[in-house]
Amino acid sequence: MSRSRRPYVLVNQLIRIAVLSLAPLAPVMADDPDNCLLCHQYRGLSRFDEATGRAHLFFVDPEYSAGYRGPHARLACTDCHRREEVAVIPHAAVTPVDCLRQCHLSSQTGIARDFSHENVAAMLDTSVHKSEALAGLEFQRGPLLEPDQSRCLYCHDEPLFRDPAVAIPRFKDHQGHVFDRCDVCHSQAISIDIEYYVRHIASRFAPARDTLEQAQVCAVCHSDPVVLADRALPNSVASFGRSFHGKAALLGDSSTASCLSCHVRAGDNAHLMRGADHPDSSINPVNLADTCRSATCHPGADPAIADTAVHLDLPAAHGTLEYALAAMFILLTLLTFGPSCLLVLLDLIQIVVGRSAAGEARVHHLARRVLDHPRGRRRLVRFSVAQRIQHWILAILFTLLVATGFPLKFADHGWARTVVGWFGGLGTARIVHHWAGIALVVGFSAHLFAVLRTFVRTARRSGGGAEDYRRTWLAMPMWITPTDVRKTFELLAYLLFLRKDRPSFGRFSPTEKFEYLGVFWGTVLLGVTGLLLWGEQIASHLISGRALNLATIAHTYEAFLAVIHVGILHIFNVVLAPRVFPLSAATLTGRTPVDKLVEEHGELIEDVARDLGIDEGDPAHG
Amino acid sequence: MVERMTKSKLQRVGVYLRAALRLAGRAAAMAIPRGYAIALFVLITWTTWMAVRYLVTSLASADTAPTQITNLPTRLDRAALGAERSAFDALDAAEHPRSPLAHYHRLDNWIRPDPFNDCTRSGCHGPLPHSRSQDVRAFLNMHATSIHCGVCHFNSEHRPRKLVWYDQTTGRPGEPPAILRAQELVTGPDAPARWKKADASDQRELVRLIRLAARDGGGLRSLDQLADHLEAYRVGSRGFEQVLAEAPAILRRHCRGEYGAKLAMVAQDGSGPQRGHPRTNRAVSEWLANQDTTDAELRARLLNAVHPLRREQALNCTDCHAARDSLVDFAAMGYPREGIERFVAPTLFRMIEHIHAGRPFNLPGVLEDDTAKPPGTRP
């Protein structure tokens, strides 16, 4: 038997044992023996209390009992509400339900079983949420419970069975009709008890709520400003929402770690949750590593993974390395993106005021003569076929990475879930992100190899000495040279109307070189940090958990820088700019329109003319 | 001479005209790229501003929890009652969102305020307006989800009342709610014969109505699921018949006043639903400005002015819940016949009479629901 099948076999056996042992005790009284739902099924059955400013809803969803949707579905109303109070219609004032009340589950066979939540209350009193902790809670919107209502309601509403398929994937095949197969032989004669208990037990093999619902429960107190201030608690729900687990939950991943995954010790239940200072607490520094490395979470990780901050509240983390790194990236973004953006905006102002720099007539004339030369047109191609192919591969991979990565960054925005949905959910989106990242790194490596090969060949052709290597290195076309810096300032002066002539560049403008080097830096940084985050269990053996925090920050801020640079400036330069709209031909043919070439790449024309032996005044080549 | 002068003048005008046209053409030719450049300038500036703002706030402002987690109606106060479902992000983020704390019972759906009921939208009455009689206030509010205040509180001589359904999203008169029509399709007296010879178009119509009902009810999942199942099978197949057999019970459970439509009196001029007292805007403003007055005479005058159609005495339950001479012609209003029988059933009638007469009664003896399932059967 394969290892992967063993849990399901075990689950099936447990269900059978449970069914056989519990079925005879099961209550058979149907959902609503007293017919309370005749009135209470109406959502409008309600009133508003002007004195307290609160509405009282008396609605009970009949689907709950009719569809056997939860463990309380087969309780009669009077199992919780006092019969002597609710049996009389119209009801007089009703005492709030005591959740610790003893009820009697009776079966078809007449065997009754006493049931009470008293033991749960006893457990709770040993936990961080003991009675004293819950007493006197005050909320921003006023009291959330009625006086004397059970404090269980802070966390519990009507419990639901989760889809059995959450715990037993094979049940997915049955689309909620798990027992239809039984009907083939049993003709609907299987007792409802069996279905009910299988649902109940199957549901219990998974957490009672999915991650987001669990967070909603905890958020009632742990995100309320008044509670946080009163109890001097951090806003854990906010920081959870910023963590990977929180974002995954927001994007619909119900299997990611919930609050209880970390805050309840494996094998315990939520009512035994301890404070961090308790030696038995799952988040006590002594136990935290084991909590992270539990069988269902990060089993292969080093204990160092516990240093990764799940509740990293960056704005409040002044003085930490994480804060400093984030600040540095923000500064880097402003310093790199800002000037480029300024140039683009100033360029647009030139159009608005009707100022144009058509290039010198001399360069225009020279360009015409170069184009007329048999080899001239080819020499003016700015991007080779290989470069264009690499560019388009990069564009596709970049788009995929952004589409699958940015929803995680902005998981709390409505569009994020939609975009993730296009990929079939977060699981698939992450796979696409990882493989697109791998492809990018492989492509980058291939490009780097090609660059180095060209460099070595060129250096060897030049003589192969150390000085030749140095010169070749410095002469590589994508380096930003002092001349580029000078010309960039000249361009700025021109755009600010401080200079008459627009400077012209060679094959690649400083902006293009800057973008190229940005891809170099970005791919290395995003690739390395991405690999660390992807293989966090292996990475934890190599680096500390804090380093994973730093990797997360670097990855997310660098990705943001890349996206705004490409999304705003590069897209402007190659798509939206008036002279290239709707798409720069250079991205497809490698050729730049002559006007633009003359205006921005005049030096290239002059270089090519010189190489081809075209003299500015030589009519023989005209 | 004169002729020559006129000719030269005309020539000069022509030159000016041509120059003006050329100038206009050039200006137009320049206007397009300039407009485009301005639009791009604005777009890039705005995008950059948003990006920089995000970066700065990501480090400078305090973390807030995502609204998909926190924005729930945890407390059922006046503000929560008046808000649309869409005001609570968290309700749609999770499959089973947290219920309002004090309510406990599942409330996957949300109470929908009626944006076309002038009585509540004027600010005079709340969405749960009945509060005086402790015994019956909840029963009366129960009707407010599907019946406009005017049905019981407006004067009318018509017997039965002239009523019309109005859509709660548009305020316009419309057909009876989809859930009622769907229920009639599967439970009406002619249902067995109809479905015996039904074809794909009948199936499509039923599925359409159920989906509409799910939407009108504010996103009722089990109705959507029923429609999915009905759609999945071929008409006449065993699977279809099985699902069809389940349909009445499921539909019946959803005929509980969440119709996305309300019954209202037809306006006196027959123009549509009477959703409030006509021509009372000024009177309403006056009342709202003086509602705390202690001057009884002023109070009475203002209240009379805002309620020109008001009946002295609202209708009694048994005026409508009666097998004979009911003020509501339920059949004409599209209620399924099965439902009508329940509305006017002696059991219910007896119960209402007890409540109305202030005679408390005990639960099980009085209420017998014929549709209760025998114990031990599968749902």
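Keep in mind that this is a model prediction, so the values were computed, not measured.

Concerning the overall build of chain A
Point 1. When you go through chain A residue by residue, the secondary structure sums to 30 helices and five strands.
Point 2. For chain A, with 622 residues in total, the buried portion stands at 44%.
Point 3. Summarising the internal contacts of chain A: among those between residues at least 6 apart in sequence, 66% fall at separations of at least 24.
Point 4. For chain A, the accessible area works out to roughly 31400 Å², and carbon and sulfur atoms hold 62% of it.

Concerning the pattern of salt bridges
Pairs can form between side chains of opposite charge whenever their charged atoms are close.
Point 1. Tallied over the full model, the rule gives 44 salt bridges over all chains.
Point 2. Put simply, B:Asp63 and A:Arg242 hold a salt bridge, and the shortest N to O gap is 2.9 Å. Of this pair, B:Asp63 sits in the loop between helix H1 (2-60) and helix H2 (67-70) while A:Arg242 sits in helix H13 (residues 236-242), placing the two residues on different chains.
Point 3. In the salt-bridge network here, residues are joined through shared partners; they are A:Arg43, A:Asp61, A:Arg69, B:Arg256 and B:Glu258.

Observations concerning the interface of chain B and chain A
Many descriptions give the size of an interface as the accessible area lost when the pieces come together.
Point 1. Contact with chain B, which involves 92 residues of that partner, is made by 113 residues of chain A.
Point 2. Counting each side, the surface lost to burial between chain B and chain A is near 9300 Å², with a carbon and sulfur contribution of 62%.
Point 3. If you look at where chain B meets chain A, you find eight salt bridges.
Point 4. Ranked by residue count, the leading element in the side of chain B that touches chain A is H1(B), at 18 residues.
Point 5. Residues that form the side of chain B that touches chain A fall into these classes: 47 nonpolar, 24 polar and 21 charged.

Some details on the packing of aromatic side chains
Point 1. Enumeration according to the criterion identifies 21 aromatic pairs over all chains in this entry.
Point 2. Between A:Trp473 and A:Trp479, the ring centres sit 5.4 Å apart and the planes meet at 65°, which makes this aromatic pair edge-to-face.
Point 3. With centroids separated by 5.1 Å and ring planes inclined at 45°, the aromatic side chains of B:Phe330 and B:Phe343 adopt a geometry described as tilted. Taken together, the positions of B:Phe330 in the loop between helix H15 (317-320) and helix H16 (337-343) and B:Phe343 in helix H16 put the pair 13 residues apart, joining distant regions of the chain.
Point 4. The structure contains a cluster of three or more aromatic residues connected by ring pairs, namely A:Phe406, A:Phe410, A:Trp415, A:Phe560 and B:Tyr54.
Point 5. Here the basic side chain of A:Lys409 rests over the ring of A:Tyr557, its NZ or CZ set 5.1 Å away from the ring centre.
Point 6. Between B:Arg275 and the ring centre of B:Tyr166, over which it is positioned, the NZ or CZ distance is 6.0 Å.

Let's talk about the sheet that holds strand S3 (residues 261-265) of chain B
Residue and element names in this part refer to chain B.
Point 1. Taken in spatial order, the three strands make up an open sheet running S2-S1-S3, and their pairing is antiparallel. On the outer flanks of this sheet lie strand S2 (173-174) and S3, each paired with one strand and no other.
Point 2. Here strand S1 (residues 163-167) runs beside S2; their pairing, made up of two bridges, is antiparallel. Of the residues in S2, the one forming a bridge with Tyr 166 is Pro 173.

Quick notes on the packing of helix H20 (residues 385-409) of chain A against helix H21 (residues 414-422) of chain A
All names here are of chain A.
Point 1. Look at H20 against H21: their axes get within 9 Å of each other, and the N-to-C directions meet at 140°. Judged on the interaxial angle alone, H21 and H20 are oblique. For H20 against H21, the interelement crossing comes out left-handed. On the side of H20, the interface is formed by Ala 403, Phe 406 and Pro 407, while H21 contributes Trp 415, Ala 416, Val 419 and Val 420.
Point 2. The class makeup of the residues in the contact of H20 with H21 is seven nonpolar, no polar and no charged.

With respect to empty space enclosed by the protein
Residues and elements named next belong to chain A.
Point 1. A full pass over the atoms with the stated rule returns one cavity of 30 Å³ or more.
Point 2. As a volume, the largest cavity reaches approximately 40 Å³.
Point 3. Lining the largest cavity, in full, are His 263, Val 264, Arg 265, Asp 268, Leu 272, Met 273, Arg 274, Asp 280, Ser 281 and Ser 282.
Point 4. For the lining of the largest cavity, the class distribution of residues is three nonpolar, three polar and four charged.

What about the pairing of S3(B)?
Residues and elements named next belong to chain B.
Point 1. Of all five residues making up S3, five are buried, and the element is well covered by its neighbours.
Point 2. Because side chains alternate across S3, one face comprises the buried residues Ala 261, Leu 263 and Met 265, and the other comprises Lys 262 and Ala 264, equally buried.
Point 3. Here S1 runs beside S3; their pairing, made up of five bridges, is antiparallel. Following the sheet pairing, Val 164 is matched in S3 by Ala 264.

Re helix H30 (residues 602-611) of chain A
At 3.6 residues per turn, the α-helix brings residues three or four places apart onto the same side.
Residues and elements named next belong to chain A.
Point 1. Buried within H30 we find Gly 602, Leu 604, Ile 605, Val 608 and Ala 609. Considered in projection along H30, the buried side chains sweep an arc of 160° and stay on one side of the axis. Turned more than 90 degrees from where H30 packs its buried face, Arg 610 and Asp 611 sit exposed.
Point 2. On its buried face, H30 sits against helix H18 (361-372), helix H19 (376-379) and helix H29 (594-600).
Point 3. Phi turns positive one or two residues past the end of H30, at Gly 613, with a value near 75°.

Considering unusual backbone geometry
Residue and element names in this part refer to chain A.
Point 1. Cis geometry marks the peptide bond from Ile 89 to Pro 90, where omega comes out at -10°.
Point 2. Relative to the elements of secondary structure, Pro 90 occurs in the loop between strand S3 (88-89) and strand S4 (103-106).
Point 3. With an omega of 10°, the peptide bond between Phe 581 and Pro 582 qualifies as cis.
Point 4. Tracing the backbone through its elements, the reader meets Pro 582 in the loop between helix H27 (545-576) and helix H28 (586-589).
Point 5. At Asp 148, a residue that is not glycine, the phi angle is positive and equals roughly 75°.
Point 6. Locating Asp 148 in the fold gives a position in the loop between helix H7 (131-134) and helix H8 (164-167).
Point 7. For Ala 232, which is not a glycine, the phi torsion comes out positive at approximately 50°.
Point 8. With respect to the secondary-structure elements, Ala 232 resides in the loop between helix H12 (225-231) and H13.
Point 9. Judged by its relative accessible area of 67%, Ala 232 is exposed.

Observations concerning the confidence of the model for chain B
Point 1. Predicted confidence across chain B gives a mean pLDDT of 86, with 93% of residues reaching 70 or more.
Point 2. We note a pTM of 0.82 for the whole complex and an ipTM of 0.84 for its interfaces.

Some details on the nonpolar core
Point 1. B:Leu206, B:Ile210, B:Leu223, B:Leu230, B:Leu251 and B:Tyr335 are the most contacted members of the largest nonpolar core, which has 47 residues in total.
Point 2. For this core, the secondary-structure elements that each account for two or more residues are S1, helix H8 (178-187), helix H9 (191-196), helix H10 (200-216), helix H11 (221-232), helix H12 (238-254), S3 and H16 of chain B.
Point 3. Not counting residues up to four positions away in its chain, the partners in contact with B:Tyr335 are B:Trp165, B:Leu180, B:Tyr259, B:Leu263, B:Phe330, B:Ile340 and B:Phe343.
Point 4. Judged by nonpolar contacts, the second largest core, of 33 residues, contains A:Ala559, A:Phe560, A:Ile568 and B:Ile44.

Parameters and conventions
Residues numbered from 1 in each chain as written. Chains lettered and ligands numbered in written order. Predicted model: local features only at pLDDT ≥ 70, side-chain atom pairs only at ≥ 80, totals over all residues. Heavy atoms only, no water. Helix = DSSP H or I, 4+ residues; strand = E, 2+ residues; numbered from the N terminus. Buried < 20%, exposed > 50% of the residue type's maximum accessible area, 1.4 Å probe, protein only. Contact = heavy atoms within 4.5 Å. Areas by Shrake-Rupley, 256 points an atom, 1.4 Å probe, with all protein chains shown as cover. Salt bridge = Lys/Arg side-chain N within 4 Å of Asp/Glu carboxyl O. Buried area = accessible area lost by both parts, 1.4 Å probe. Nonpolar A, V, L, I, M, F, W, Y, C, P; charged D, E, K, R; others polar. Phe/Tyr/Trp six-rings, centres within 6.5 Å; stacked < 30°, edge-to-face > 60°. Lys NZ or Arg CZ within 6 Å of the ring centre and 35° of its normal. Pairing = 2+ DSSP bridges. Axes fitted to C-alpha atoms, helices over the stretch in contact; angles between N-to-C directions. Parallel < 35°, antiparallel > 145°, perpendicular 65-115°, else oblique. Left-handed = near helix turned anticlockwise from the far one by under 90°. 1 Å grid on protein atoms, 1.4 Å probe; cavity = no way out; pocket = protein on both sides within 12 Å on 5 of 7 lines; lining within 4 Å. Points joined across faces, edges and corners; volume = space filled by probe spheres on them. Arc of directions from axis to C-beta. pLDDT = per-residue confidence, 0-100. Core = buried A, V, L, I, M, F, W, Y, C linked by side-chain atoms within 4.5 Å.

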